[in-house]
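# Observations on the three-dimensional arrangement
Chain residues, written in single-letter form:
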Amino acid sequence: MIHHGDKVENIKIAYIGGGSRGWAWRLMSDLVEASDISGDVYLYDIDMDAAKANEIIGNMYNDVEGAKSVWKYHAANTIDEALTGADFIVISILPGTFDEMESDVHAPEEYGIYQSVGDTAGPGGIVRAMRTIPMFEEIAENIKKYSPDAWVINYTNPMTLCIKTLYRVFPEIKAFGCCHEVFGTQSILSRMIKEEFGEDAKREDVKVNPVGVNHFTWLTSAKYKNIDLFPYYAKFCEKHKDGLESGGDDNWMNSTFHSEEKVKFDLFNKFGYIAAAGDRHLAEFCEGKWYLESPERVREMKFGLTTVAFRKEDLKERLETSRQYITGEKKLEITPSGEEGVSQMRAILGLGDIVTNVNIPNVGQIPNLPVGAVVETNAVFRSGSVTPVMAGEIPKTIYSMISRVCAEQEAVSDAIANRDIEAIFMAFAGDPLVTISVEKARELFAKMINNTSKYLQDYDIENFRI
């Protein structure tokens, strides 16, 4: 890495999961849009063909109209080739395949348990964590061995447990998790500002104080030009209590990622603080009868149950898009992703400070959650450092919900680290979405772990008794 005044060259980025047909392309676009950084990106993936396809696509981005920098992409044969000498490491992997995720999300439906995402909370999130954490233990060991000084940016879910694992295995790691859910809430507040004041505010103009855990983050303050937005948001929620009318079809079961924000508004009306994630995520952290009791309830609240069948079809389309990019049938374009990964890198490199929300271990930024638990708050990114902002205590009205989630995540992390399947099950049975008897929960858990047994070789699942 070489600094030349206001530019940094020869940066090495390692991308674990570099065959990605989503996050990787967003990163490629954001990188060439930045004029003051350049270097090499090493793509490592267990699917080498996918990494090679992205090597071609990544190098093609250098010639796209509007490209301001040059990045050379390399498909790495081994993880040590990717990691050695890396300045930054991006992790974006799918733990298992969509076949395993299909069980995570849909097996519980036989027991009347519905999940709108199934990758962070609920029974699906816990079983996904059983696959993911051993992978992240290995990743952390490799980072410790080959690139201990690199900055690590994680996009993989379950976010909290991934970051927790990285620090457990390698306490000196410089890792943080990025999520755009808070950005979406800032955008909703920007819409509110337009309605209330007639001003076009960018989401970055809305200054917020997030507290909580990933995908169950809340805002304890929100300001625009030093105007407290909470009183206006209360009126906004009342005005749009039947939904934000953002378009989309009326078949909520098939609308995948669509949401009318009714869950978000309902939570504000109940608790007085702004829930700062999408409805599909928020619903999964609440008591199972609140928003996910049935498909009819989901339809009433106007958000989607994202089916894995949709994800499989979407993957087919992405594979075809990849082929079309490579052949030139489809034109690459530089489109801002809305993510802040590249801005975070630039700030760490000394090219401008930023404040944004991240997931890192609690060192006191939320005083009434356990030290060491992974929490989501703002942090200041500046030259060579990421410093959490003191967000303050979680307000009492929402504390019981967030602290329970945090406690479950800590229990799941410890149980999986010890490969203690009974302890994992007890966390599973106690999750608020698991609205069935312990006996039925044991039956469901056994089915789900058997469905993903290919990825659970480290666990004694054969002796788990129903």
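Here the structure is shown first, and the text comes after it.
All of the points below concern the structure found in this document. Remember, it's a predicted structure, so these values are computed and weren't measured experimentally.

In the contact formed by helix α5 (residues 122-146) and helix α6 (residues 159-169), the axes pass within 9 Å of each other and the chain directions differ by 40°. Handedness of the crossing formed by α5 with α6: right-handed. Along the contact surface, α5 presents A129, T132, I133, F136, E137, I139, A140 and E141, while α6 presents L161, C162, T165, L166, R168 and V169. Its residues placed into classes, the contact of α5 with α6 shows 9 nonpolar, 2 polar and 3 charged.

A word on the layout of surface pockets. Looking at the second largest pocket, its volume works out to about 650 Å³. In this structure, the second largest pocket is lined by 28 residues; those nearest its centre are R203, E204, E339, E340 and S343. Listed by contribution, the elements that provide at least two residues to the lining of the second largest pocket are α1 (23-33), α7 (181-197), β8 (207-213), α14 (341-348) and β12 (354-361). Residue classes in the lining of the second largest pocket are distributed as 9 nonpolar, 10 polar and 9 charged.

Core analysis: the biggest nonpolar cluster contains 62 residues, and M130, F216, W218, L267 and F445 have the highest contact counts within it. Here this core takes 8 residues from helix α15 (residues 396-417), the largest share from any one element. Non-local contacts of F216, meaning those with residues more than four positions away in its chain, are made with V211, L282, F285, C286, M401, I402 and V405. Counting residues in each nonpolar core, the second largest holds 41 residues, with I13, L43, L351 and F381 among its members.

It is at 10 Å that the axes of α6 and α15 come closest, and there the two elements cross at 50°. Judged on the interaxial angle alone, α15 and α6 are oblique. Handedness of the crossing formed by α6 with α15: right-handed. Where α6 abuts α15, its residues T160, L161, K164 and R168 lie against Q409, E410, V412, S413 and A417. Of the residues contributing to the contact of α6 with α15, the split by class is 3 nonpolar, 3 polar and 3 charged.

Per the counting criterion, the structure on display carries 20 aromatic pairs. Geometrically, the ring pair formed by W23 and Y155 is stacked, given 4.7 Å between the ring centres and 20° between the ring planes. Pair noted here: W23 is in helix α1 and Y155 is in the loop between β6 (151-154) and α6, with a separation of 132 residues, a long-range link. Overall, the relative accessible area of 25% leaves W23 in the partly exposed class. Ring centres of F425 and F445 lie 5.6 Å apart, and the angle between their planes is 50°; on these two criteria the pair is classed as tilted. Here F425 is found in helix α16 (residues 421-430), whereas its partner F445 is found in helix α17 (residues 438-451), with 20 residues between them in sequence. On the basis of relative accessibility, which here comes to 0%, the residue F425 falls in the buried class. The ring centre of F183 lies 3.7 Å from the NZ or CZ of R203, which sits over that ring.

Thresholds, definitions, all that
The residue numbering used here restarts from 1 in each chain and proceeds along that chain's sequence as written. Note on the predicted model: pLDDT of at least 70 is required for a residue's local features to be given, and 80 or more for side-chain atom pairs to be given and counted; whole-chain, interface and lining totals, by contrast, use all residues. The basis for every side-chain value is the complete set of heavy atoms in the structure, and neither hydrogens nor water enter the calculation. Between N-to-C directions, angles cover 0 to 180 degrees, with each direction set by a line fitted to C-alpha atoms, over the stretch in contact for helices. Secondary structure follows DSSP: runs of H or I at least 4 residues long count as helices, runs of E at least 2 residues long count as strands, and numbering of each begins at the N terminus. Left-handed describes a crossing whose near helix is turned anticlockwise from the far helix through less than a right angle; right-handed describes the clockwise counterpart. For this analysis, residues touch if any pair of their heavy atoms sits within 4.5 Å. Note on residue categories: nonpolar means Ala, Val, Leu, Ile, Met, Phe, Trp, Tyr, Cys or Pro, charged means Asp, Glu, Lys or Arg, and polar means any other residue, Gly included. Here the term cavity refers to a set of points on a 1 Å grid, laid over the protein atoms alone, in which a 1.4 Å probe fits but cannot get out; the term pocket refers to an open set having protein on both sides within 12 Å along at least five of seven lines, with lining residues being those that place an atom within 4 Å of a point. Grid points are joined across faces, edges and corners, and a volume is the space filled by probe spheres set on the points. Take the buried residues of types Ala, Val, Leu, Ile, Met, Phe, Trp, Tyr and Cys, join any two whose side-chain atoms come within 4.5 Å, and each joined set is a nonpolar core. For every residue, the accessible area obtained with a 1.4 Å probe (protein chains only) is divided by the maximum for its type, and the residue is called buried under 20%, exposed over 50%, and partly exposed between those limits. By definition in this entry, angles of less than 35 degrees are roughly parallel, angles greater than 145 are roughly antiparallel, angles of 65 to 115 are roughly perpendicular, and the rest are oblique. Note on aromatic contacts: the rings of Phe and Tyr and the six-membered ring of Trp form a pair at centre separations within 6.5 Å, being stacked when their planes are under 30 degrees apart, edge-to-face when over 60 apart, and tilted otherwise. Charge over a ring is defined by NZ of Lys or CZ of Arg lying within 6 Å of the ring centre and within 35 degrees of the ring normal.

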